[in-house]
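# Remarks on the overall topology
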Amino acid sequence: MTDKTARSKPKRKSLVLMERDIWALVQLYLHRTISSSQLARLCFPDISYETARKRLRRLQQAGFTGSSSSGRMEGRGRPELIYFLTTQGAKSLEQHRGISWETIPTGPPHTYHKEHFLRLVDVRLAMLDAEQRGLINNLEFTTGREFWRELSGDLTSVDEQADATIAFSYPHMEPIKVLLEIDTGNFRQTRHWEPKIKAFLKTGFPIWVVTGSAPRIVTLRKWTQPLLDEAGVGPGKCVFSVYQEIVDRGIFGAGWQRTDGSYTDLRPKMPEGQRIPPG
């Protein structure tokens with residue numbers, strides 16, 4: 001009886017972690033959860049998606065990651081998986097990257113947060129695509145928690161952290177940093193939004209806000225404009241775009257609204273005789 005029970009328990013398959021496997025675990029640490037197609041693009045861009053999926057499955061079978069349905073569909077009508085770290089994966093990061101495993105979130109994300117995390121990765125992938133096409137150079141994408149700890153020596157209130165800081169440079173121009181916020185649609189004006197934007201403005205960096213719909217932008221613009229006036233900065237300091245536009249048309253193909261309602265594609269004006277490549 002005992003022997004039968006022992007045989008029925010699935011055994012974890014052993015796996016020697018390669019550098020790109022560790023890189024995949026690092027991405028899960030930074031983003032909390034990532035879909036299979038997103039992980040394939042981030043960590044296995046030089047192999048086919050099917051081969052990448054097999055490697056991701058092996059990481060899971062070896063106990064470094066867990067998975068659940070993303071709620072999205074991928075090709076052939078199959079549901080897309082999201083991956084997250086397990087305790088074993090967190091301990092592996094401590095071993096290979098020196099991050100205390102006890103500080104690393106593990107297990108599936110709350111259903112409420114899942115889509116938020118996935119959208120953040122999609123924006124990062126859109127920035128990577130822009131870099132590959134020569135629209136920008138020297139891209140660095142830092143998740144918010146790391147950035148605020150670096151900036152202040154400690155974590156500020158969770159409500160005052162940007163989702164990410166994006167550092168990059170346009171061709172032939174100086175590097176810049178931008179704060180990225182993925183709007184959940186549930187921010188309240190005085191409780192959440194105003195403290196958040198005031199904290200962002202203190203950094204002096206431009207602010208990009210990605211929302212779920214155009215009507216939501218109208219509301220956020222009204223909340224934000226007085227804060228920009230108070231800080232003595234122009235309406236282009238904080239710009240807004242719709243998530244689906246960015247996915248469909250790219251970061252520099254999507255329309256971005258300033259707080260005064262005017263539009264920009266985020267491309268800078270170039271010196272005479274120079275030009276940004278077309279989108």
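This text gives an overview of the structure that appears in the document. (Residues numbered from 1 in each chain as written. Predicted model: local features only at pLDDT ≥ 70, side-chain atom pairs only at ≥ 80, totals over all residues. Heavy atoms only, no water.)

The next subject is the overall build of the chain. Looking only at helices and strands, the chain features 10 helices and 10 strands. For the chain, buried positions account for 46% of its 279 residues. Considering only contacts within the chain whose residues lie at least 6 apart along the sequence, 60% involve residues at least 24 apart. Just so you have it, the chain exposes about 14,700 Å², and 50% of that area is on carbon and sulfur atoms. (Helix = DSSP H or I, 4+ residues; strand = E, 2+ residues; numbered from the N terminus. Buried < 20%, exposed > 50% of the residue type's maximum accessible area, 1.4 Å probe, protein only. Contact = heavy atoms within 4.5 Å. Areas by Shrake-Rupley, 256 points an atom, 1.4 Å probe, with all protein chains shown as cover.)

You can see serine 213 is positioned in the loop between strand S7 (207-211) and helix H9 (214-231). The sequence separation of serine 213 and aspartate 183 amounts to 30 residues, and the corresponding C-alpha distance is 10.0 Å.

Locating isoleucine 176 in the fold gives a position in strand S6 (residues 176-182). It is 8.3 Å that separates the C-alpha atoms of isoleucine 176 and isoleucine 166, two residues lying 10 residues apart in sequence. Apart from residues lying up to four places away in sequence, isoleucine 176 is in contact with Ile166, Ala167, Phe168 and Tyr170.

Right, let's get into the side chain of threonine 86. Checked against the element boundaries, threonine 86 lands in the loop between strand S3 (79-85) and helix H5 (87-97). Here glycine 63 takes part through its backbone oxygen, which lies 2.5 Å from a polar atom of the side chain of threonine 86. For threonine 86, the residues in contact, after removing those within four places along its chain, are Gly63, Phe64, Thr65, Gly66 and Thr106. (Polar contact = N/O pair within 3.5 Å; in protein donor to acceptor, adjacent residues only side chain to side chain.)

This brings us to the packing of helix H3 (residues 36-43) against helix H6 (residues 111-132). In the contact formed by H3 and H6, the axes pass within 11 Å of each other and the chain directions differ by 35 degrees. Viewed along their axes, H3 and H6 form a crossing whose handedness is left-handed. Taking contact as the criterion, the partners of Gln38, Arg41 and Leu42 in H3 are, on H6, Leu118, Val121, Asp122, Arg124, Leu125 and Leu128. Class assignment for the residues of the contact of H3 with H6 results in five nonpolar, one polar and three charged. (Axes fitted to C-alpha atoms, helices over the stretch in contact; angles between N-to-C directions. Left-handed = near helix turned anticlockwise from the far one by under 90°. Nonpolar A, V, L, I, M, F, W, Y, C, P; charged D, E, K, R; others polar.)

Right, let's get into helix H8 (residues 189-203). Over its 15 residues, H8 extends 20 Å from the first C-alpha to the last, a length consistent with the 21 Å expected when each residue adds 1.5 Å. Residues of H8 that are buried include every one of His192, Trp193, Glu194, Lys196, Ile197, Ala199, Phe200, Leu201 and Thr203, and no others. Backbone geometry just downstream of H8 places glycine 204 in the positive-phi region, at approximately 85 degrees. (Expected span 1.5 Å × (residues − 1).)

Before going further, it helps to examine H3. Of all eight residues making up H3, six are buried, and the element is well covered by its neighbours. The set of residues buried in H3 consists of Ser36, Gln38, Leu39, Ala40, Leu42 and Cys43.

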